[in-house]
Amino acid sequence: VERPHPSRLPTDPRFPNQWHLRNTSRPDADANVEDAWNAGYTGNGVIVGVIDGGVQTNHEDLQANYNSTASLSGGSSSHGTAVAGVISAVEGNNKGGVGAAYDSQWSKLYFGSSSYTATNFLHRNDLNDIKNNSWGPRDDGTIHTISSVEKNALVDSCENGRGGLGEIFCWAAGNGGGGDRVDYDPYASSRYTIAVGAIGDLDVRASYNEKGSSMLVVAHSSGNNRGINTTDLNGYTTNFVGT
């Protein structure tokens, strides 16, 4: 959904430090979102499910964009809270920074046992448009497998979610560096997911980024000089890392 938006930058106090959104020292090394924002593409009308260890729902820079109806109940985690901020931190509230899709809503979902994870893959795909997964098996250089219940849930979601348009699953390509390959991760290497790797503020590969043929795209993260400024439990972090 497109929303007309004036050609201006967010005024939130931490935005100047969010180099991954606007890199003033190396303008070619950011997510190139400014033109999208100014064209009206700010996430309005989209719900992103954060499948993680939980998100702090009452965080001052996340609460206004939280969609409880699309969520499941459970605890919160530092990692999940940081991920939600990268996606959907509120713009224009004079708190923290902003998310790449700052007008989107986010929902709180979880991973765990195979059956529980599958339940979260399938949860409210009539509401959740995208499901972000910044997790995976151990980065230990071994080939991992996916359970049939999880695979079936991915297939069903991608074929029937969003009213038949198909759910979109973004997946971390993995942080194992040269000791692992994204192809060994059964989630990130699935044809039903988009595997995303990491480059840093110098526009070169992050040292922890894995290699492999199933990595579809890279986005800016830590790994060269600077980390990511985003939300954290009861506050903020300047050094969020990873794919």
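The structure under discussion appears in the preceding block.
Note that the coordinates shown come from a computational prediction; the quantities given were computed from them, not determined experimentally. (Residues numbered from 1 in each chain as written. Predicted model: local features only at pLDDT ≥ 70, side-chain atom pairs only at ≥ 80, totals over all residues. Heavy atoms only, no water.)

A. Inspection of the overall build of the chain at higher detail. Helix and strand counts for the chain come out as four helices and eight strands. When its helices and strands are written in sequence order, the chain yields α-β-α-β-α-β-α-β-β-β-β-β. Computed over C-alpha atoms, the radius of gyration of the chain comes to 17 Å, within 12% of the 18 Å expected from 2.2 N^0.38 for 243 residues, which places it in the range of a compact globule. Along the first, second and third principal axes, the C-alpha atoms of the chain reach 45 × 40 × 30 Å. (Helix = DSSP H or I, 4+ residues; strand = E, 2+ residues; numbered from the N terminus. Rg over C-alpha atoms; globule rule 2.2 N^0.38 Å.)

B. Region of interest: the sheet that holds strand β2 (residues 105-110). Sheet architecture is open: six strands sit in the order β2-β1-β3-β4-β5-β6, paired in parallel fashion. With one partner strand each, in any of the chains shown, β2 and β6 (215-220) form the two edges of the open sheet. On average, each strand axis in the sheet is inclined to that of its neighbour by 30 degrees, with strand direction left out of account. (Pairing = 2+ DSSP bridges. Axes fitted to C-alpha atoms, helices over the stretch in contact; angles between N-to-C directions.)

C. Focus on helix α3 (residues 114-122). Where α3 is concerned, the buried positions are Thr117, Ala118, Asn120 and Phe121. Seen from one end, α3 has its buried residues packed into an arc of 160 degrees, which puts them on one side. Its buried side turned inward, α3 meets β1 (47-52), β2, β3 (130-133), α4 (148-160) and β4 (168-172). Positive backbone phi, at 45 degrees, marks Arg124, one or two positions downstream of α3. (Buried < 20%, exposed > 50% of the residue type's maximum accessible area, 1.4 Å probe, protein only. Arc of directions from axis to C-beta. Contact = heavy atoms within 4.5 Å.)

D. Geometry of the environment of Ile168. Relative to the helices and strands, Ile168 resides in strand β4. Ile168 sits in the partly exposed class, given a relative accessible area of 28%. Considering only alpha carbons, one finds Ile168 and Ala188, 20 residues apart in sequence, at a separation of 13 Å. Filtering out sequence-adjacent residues up to four positions away, Ile168 remains in contact with Asp129, Ile130, Lys131, Arg162 and Ile194.

E. Representation of α4. Its 13 residues give α4 an end-to-end C-alpha distance of 18 Å, which sits within 8% of 18 Å, the value for a rise of 1.5 Å per residue. Those residues of α4 not exposed but buried are Glu150, Ala153, Leu154, Val155, Ser157 and Cys158. Packed against the buried residues of α4 are α3 and β4. Directly after α4, the chain includes Arg162, whose backbone phi takes a positive value near 50 degrees. (Expected span 1.5 Å × (residues − 1).)

F. View of the packing of aromatic side chains. On inspection of all chains with the given rule, the structure shows nine aromatic pairs. Measuring from ring centre to ring centre gives 5.0 Å for Trp171 and Tyr187, while their planes differ by 0 degrees; the resulting arrangement is stacked. Taken as a pair, Trp171 in strand β4 and Tyr187 in the loop between β4 and β5 (194-199) lie far apart in primary sequence, 16 residues in all. By the burial criterion, Trp171 is buried, and Tyr187 matches it. (Phe/Tyr/Trp six-rings, centres within 6.5 Å; stacked < 30°, edge-to-face > 60°.)

G. Structural view of the environment of Asn239. Topologically, Asn239 is positioned in strand β8 (residues 235-240). Sequence separation of Asn239 and Ser222 is 17 residues, and the distance between their C-alpha atoms is 7.5 Å. When residues no more than four places from it in sequence are discounted, the contact partners of Asn239 are Gly227 and Ile228.

H. Summary view of the nonpolar core. Grouped together as the largest cluster of nonpolar side chains are 15 residues, with contacts concentrated most on Phe121, Trp135, Phe169 and Trp171. Of all the secondary-structure elements, those providing two or more residues to this core are α3, α4 and β4. Considering each element in turn, this core owes the most residues, three residues, to α4. When sequence neighbours within four positions are dropped, the list of residues in contact with Phe169 reads Phe121, Lys131, Asn133, Leu154, Ser157, Cys158, Tyr192, Thr193 and Ile194. Counting 13 residues, the second largest nonpolar core, distinct from the first, contains Trp19, Val55, Ile87 and Phe240. (Core = buried A, V, L, I, M, F, W, Y, C linked by side-chain atoms within 4.5 Å.)

I. View of the pairing of strand β7 (residues 228-232). Within β7, five of the five residues are buried, which leaves the element mostly enclosed by the surrounding structure. Where β7 hands over to β8, the hairpin turn is made up of two residues, of which Asn234 adopts a positive phi near 60 degrees.

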